[in-house]
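# An overview of the molecular structure
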Amino acid sequence: MVNVGILGATGMVGQRFIELLDQHPNFNITALTASQRSAGKRYEDATTWYLDNKMPESVRDIVVVDTDPSQVDDLDIVFSALPSDTAAKVEPEFARSHIVASNASAMRMEDDVPLVIPEVNPEYLDLIEVQQKNRGWDGFIVTNPNCSTIALTLTLKPLYDRFDIKRVYVSTMQAVSGAGYNGVPSMAIVDNLVPFIGEEEEKIETETLHLLGDLEDGVVTPASFGVSASCHRVAVVDGHTEAVFIEMEDPADVEEIESTMADFTGLPQKLDLYSAPKNPVVVRSEENRPQPRMDRNESGGMSVVVGRVRQDVAFNNSFRYVLVGHNTIRGAAGASILNAELINEIL
Ligand code: NAP
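Residues numbered from 1 in each chain as written. Predicted model: local features only at pLDDT ≥ 70, side-chain atom pairs only at ≥ 80, totals over all residues. Heavy atoms only, no water.

As a reminder of what qualifies: UniProt positions are given in the numbering used here, feature names are shortened, and annotations may be inferred rather than shown by experiment.
The protein carries the name Aspartate-semialdehyde dehydrogenase in an unreviewed UniProt entry, which gives Methanobacterium alkalithermotolerans as its organism. Note on the protein: under the UniProt heading Subunit (unreviewed entry), the record states "Homodimer." The Function (unreviewed entry) field of the UniProt record for the protein holds the comment "Catalyzes the NADPH-dependent formation of L-aspartate-semialdehyde (L-ASA) by the reductive dephosphorylation of L-aspartyl-4-phosphate."

## Section: the overall build of the protein
Condition: Going along the chain from the N terminus, every DSSP run of H or I of four or more residues is numbered as a helix, and every run of E of two or more is numbered as a strand. The globule rule is 2.2 Å times the number of residues to the power 0.38, and the radius of gyration it is compared with is taken over C-alpha atoms. Residue contacts follow a heavy-atom distance rule, with two residues in contact if any of their heavy atoms lie within 4.5 Å. Accessibility throughout is a Shrake-Rupley quantity obtained with a 1.4 Å probe, and a residue counts as covered only by protein chains that appear here. Here the positive residues are Lys and Arg and the negative ones are Asp and Glu; neither His nor the chain ends is included. By convention, the charge on Lys lies at NZ, on Arg at CZ, on Asp at CG and on Glu at CD.
Secondary structure assignment for the protein yields 12 helices and 14 strands. Against the 2.2 N^0.38 benchmark of 20 Å for 347 residues, the protein shows a C-alpha radius of gyration of 19 Å, consistent with a compact globule. When its C-alpha atoms are laid out on the principal axes, the protein stretches across 60 × 50 × 35 Å. Partitioning the intrachain contacts of the protein with sequence separation of at least 6 by distance along the chain shows that 73% fall at a separation of at least 24. Of the roughly 15,200 Å² of accessible surface on the protein, a fraction of 45% belongs to carbon and sulfur atoms. Positive and negative side-chain charges in the protein, numbering 27 and 53 respectively, have mean positions lying 5 Å apart.

## A short note on the pairing of strand β11 (residues 240–248)
Note the cut-off: Summary of the burial criterion: residues with accessible area below 20% of their type's maximum are buried, those above 50% are exposed, and those between are partly exposed, where the area comes from a 1.4 Å probe applied to protein chains only. Only strands joined by at least two bridges in the DSSP assignment are considered to pair.
In terms of residue burial, β11 counts as a mostly covered element, since 8 of its 9 residues are buried. Where strand β7 (residues 165–174) lies against β11, 8 bridges are found, and the strand directions are antiparallel. Bridge pairing in β11 places Val-170 opposite Val-244.

## Let's talk about unusual backbone geometry
The residue after Arg-289, namely Pro-290, is reached through a cis peptide bond having omega 5°. By secondary structure assignment, the location of Pro-290 is in the loop between β12 (281–283) and α11 (292–295). Even without glycine at this site, Asp-74 takes up a positive phi of about 60°. Relative to the helices and strands, Asp-74 resides in the loop between β3 (65–66) and β4 (77–80). A positive phi angle, close to 50°, is found at Asn-317, a residue other than glycine. Relative to the elements of secondary structure, Asn-317 occurs in the loop between β13 (304–311) and β14 (318–325).

## Thoughts on the packing of aromatic side chains
Stated formally: Each aromatic pair joins two rings of Phe, Tyr and Trp (for Trp, the six-membered one) with centres within 6.5 Å, and gets the label stacked for planes under 30 degrees apart, edge-to-face for over 60, and tilted for any other angle.
Inspection of the entire model under this criterion finds 3 aromatic pairs. Ring pairs connect the aromatic residues Phe-17, Phe-27 and Phe-79, which therefore count as one cluster.

## Describing the pairing of strand β2 (residues 27–34)
Taken residue by residue, a regular strand's side chains alternate between the two faces of the sheet. Definition in use: When the strands point away from the viewer, a crossover counts as right-handed if the route from the first strand across the helix to the second turns clockwise.
Taking burial as the measure, the 8 residues of β2 include 6 buried ones, the bulk of the element. Inspection of the sheet shows strand β1 (residues 2–7) paired to β2 by 6 bridges, in the parallel sense. Looking at β2, one finds that Ile-6 is bridged to Leu-32. Traced from β1 through helix α1 (residues 12–21) to β2, the parallel crossover comes out right-handed.

## What to know about helix α6 (residues 147–162)
Selection criterion: Here the bend at a residue means the angle between the axes of two seven-residue stretches, the one that ends at it and the one that starts at it. We define a polar contact as two N or O atoms separated by no more than 3.5 Å, with the added condition that, inside protein, one atom must be a possible hydrogen donor and the other a possible acceptor, whereas residues neighbouring each other in sequence contribute only through side-chain atom pairs.
The principal kink in α6, of about 35°, is found at Leu-156, preceding the proline Pro-158 by one to four residues. Counted residue by residue, α6 has 13 buried out of 16 residues, so it is predominantly covered. The backbone nitrogen of Ser-148 has a side-chain oxygen 3.0 Å away, supplied by the residue at the start of α6, namely Asn-146.

## Considerations on the nonpolar core
In plain terms, the rule: Residues belong to a common nonpolar core when they are buried Ala, Val, Leu, Ile, Met, Phe, Trp, Tyr or Cys residues joined through side-chain atoms within 4.5 Å. Domain start and stop positions are those given by an automatic or database domain assignment.
In this structure, Ile-246, Ile-257 and Tyr-321 are the most contacted members of the largest nonpolar core, which totals 39 residues. Put simply, the parts of the chain that give this core at least two residues each are α6, β7, α8 (200–211), β10 (226–233), β11, α9 (254–262), β13 and β14. Both of domain 1 (2–146 + 333–346) and domain 2 (147–326) provide at least three residues apiece to this core. Each residue touching Ile-246, except ones within four places of it in the same chain, is listed here: Leu-156, Leu-159, Ile-165, Arg-167, Val-168, Asn-317, Ser-318, Phe-319 and Tyr-321. Membership of the second largest hydrophobic core comes to 24 residues, among which are Ile-18, Phe-27, Tyr-43 and Ala-101.

## As for the domain arrangement of the protein
As a reminder of what qualifies: Put simply, a salt bridge is a Lys or Arg side-chain nitrogen that is within 4 Å of an Asp or Glu carboxyl oxygen.
Annotation of the protein at the domain level lists domain 1 (2–146 + 333–346) and domain 2 (147–326). Between domain 1 and domain 2, the C-alpha centre-to-centre distance is 24 Å. At the junction of the two partners, domain 1 supplies 34 residues and domain 2 supplies 39 residues. Put simply, domain 1 and domain 2 have 2 salt bridges between them. We note a salt bridge from Asp-238 to Arg-16, for which the minimum N-O separation is 3.1 Å. At the boundary of domain 1 with domain 2, the tally comes to 14 residue pairs in polar contact (both at pLDDT 80 or more). Elements represented by at least two residues in the side of domain 1 that touches domain 2 include exactly α1, α5 (127–135) and α12 (329–346). Ranked by the residues each element gives to the side of domain 1 that touches domain 2, the list is headed by α12, at 8 residues.

## Some details on the packing of α6 against α12
Where we set the bar: Angles here are taken between N-to-C directions and fall from 0 to 180 degrees, while the axes themselves are lines fitted to C-alpha atoms, restricted in helices to the stretch in contact. Here is the rule for angles: anything less than 35 degrees is roughly parallel, anything more than 145 is roughly antiparallel, 65 through 115 is roughly perpendicular, and the remaining ranges are oblique.
Between α6 and α12, whose axes approach to 8 Å, the crossing angle comes to 95°. Looking at the two axes, α6 sits roughly perpendicular to α12. Across the interface between the two elements, Cys-147, Ile-150 and Leu-154 from α6 touch Arg-330, Gly-331 and Ala-335 from α12.

Following this line, the structure appears as structure tokens:
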């Protein structure tokens, strides 16, 4: 078994890590960290548990420690669910001697840090060697993208490999759990919609192109089509919905678009990794799907569900579809765990 720790274990994403790792066949939780507010308390006392499933017995009595490498020992991998500013300071300290699989945005766009979706760009893990050489670390940091970007890019990858994409417009309707436990006050979101999520649009626009780029001689050249995002917070607990508009250079038909997405698989499926869904993208045919409450848990929350694929009659060679992805599973904790499973298998 590989001993793992969770940094920021008491938060929204930290709780998902605990839920997903509790019965994991290869990873064994041995350390939980959080802020100084929580350090020294039993996990059960430090955490406001928000998940439907009960807090696993195995973590209730673990004493939460401060998020500092000197507070943990005998760990192989640390999963980070820290706020970005804390991650920027602490993750490099852990990476001196640990593998860090991070959800935070702090290090994502650093030149020598792999930003990876295992089905999309596993080859970016080659940057690990560059990073260790540049920074003199025995460990390393691997990051997963922003929650909306992961769901969008999983659907774009098979299309990008087959068609010439000219432009993508995406409008998101994002769940409140994406903002963390204290993120959106109920008075701001009930009976309402908030048409702004700080830095989210920029993240989608840059990370998507980075993920679909090319790695050559240790340098990523991003894909060059246009991506434009508009992001909105809605009164849904879990599951981001995205309305996607794609303009392509050449014509295609709806069936081709649907089957290209539905048939998509990648390295995690080939290697039969524990958290890999059989189908990363599930295409539904009902006119009123996908919906977050009904579709976010597809394949344990690891598949993105697509529906309403249709030709856009207003523009040439254009299509529209709607997707739902689970923001704290495929969009966060599950994404990091899949990265770690891939690293554990191939490095
Ligand atoms: P959250 O619910 O606010 O949890 C934050 C965690 O970090 C808590 O465990 C908190 O511990 C700890 N923490 C806060 N300040 C700290 C400090 N100064 N030192 C050490 N630990 C500290 O946030 P979240 O939604 O889980 O998000 C975690 C990270 O994942 C963020 O970087 C976020 O952008 C990213 N992310 C989130 C989602 C999502 O859907 N939620 C998706 C993708 C990526 P205490 O309980 O002690 O305060």
